[in-house]
Amino acid sequence: MTLKKLRQQIDEINNDILHLLSKREEVSRKIGHLKKEQVLPIFDRKREGEILNTLVKKGGELNLEPRFIKKVFTLILKQSRKQMKKK
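Quick look at the structure, then. Here the structure is a predicted model, which is why all the values come from computation and not from measurement.

## Focus on helix α3 (residues 66-85)
(1) Moving on: Taking 1.5 Å of rise per residue, the 20 residues of α3 would be expected to cover 28 Å, and the 29 Å separating its terminal C-alpha atoms lies within 8% of that figure.
(2) Moving on: Among the residues making up α3, those that are buried are Ile69, Ile76, Leu77, Ser80, Gln83 and Met84. In an axial view of α3, the angular spread of the buried residues amounts to 110 degrees, which keeps them on one side of the axis. Among the exposed residues of α3, those pointing more than 90 degrees away from its buried face are Arg67, Lys71, Leu75 and Lys85.

## Some remarks on the layout of surface pockets
(1) Moving on: By volume, the largest pocket amounts to about 270 Å³.
(2) Moving on: Along its surface, the largest pocket is lined by 14 residues, and Ile31, Lys35, Arg47, Ile51 and Met84 are the ones closest to its centre.
(3) Moving on: Those elements that place two or more of their residues in the lining of the largest pocket are α1 (3-37), α2 (45-61) and α3.
(4) Moving on: Examining the composition of the lining of the largest pocket, we find that five residues originate from one element, α1, more than from any other.
(5) Moving on: In this model, the second largest pocket occupies a volume close to 160 Å³.
(6) Moving on: Lining the second largest pocket are Ile17, Leu20, Leu21, Arg24, Val72, Phe73 and Ile76.
(7) Moving on: Going through the elements one at a time, α1 and α3 are the ones with two or more residues in the lining of the second largest pocket.
(8) Moving on: The dominant element in the lining of the second largest pocket, judged by the number of residues it contributes, is α1, at four residues.
(9) Moving on: By residue class, the composition of the lining of the second largest pocket is six nonpolar, no polar and one charged.

Rules of the game
- Residues numbered from 1 in each chain as written.
- Predicted model: local features only at pLDDT ≥ 70, side-chain atom pairs only at ≥ 80, totals over all residues.
- Heavy atoms only, no water.
- Helix = DSSP H or I, 4+ residues; strand = E, 2+ residues; numbered from the N terminus.
- Expected span 1.5 Å × (residues − 1).
- Buried < 20%, exposed > 50% of the residue type's maximum accessible area, 1.4 Å probe, protein only.
- Arc of directions from axis to C-beta.
- 1 Å grid on protein atoms, 1.4 Å probe; cavity = no way out; pocket = protein on both sides within 12 Å on 5 of 7 lines; lining within 4 Å.
- Points joined across faces, edges and corners; volume = space filled by probe spheres on them.
- Nonpolar A, V, L, I, M, F, W, Y, C, P; charged D, E, K, R; others polar.

Structure (structure tokens):
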């Protein structure tokens, strides 16, 4: 395989990640609307802890470093909370 082909694969993966992040933000906004209607707090420490623990475990099965998974998903969760606050 050539460097050019491998870079094309990376570009495609990056595109997929962007599309998935966009879909995640859309769902987060919907969750935010529901939480507002039900007068629930945006931040749920227990839920976010469960999410991170599950992802770290799954990431380990894929040979991904736990610190990397936590950093990436901590940022994603923070962004999701911002989306939930949008009107």
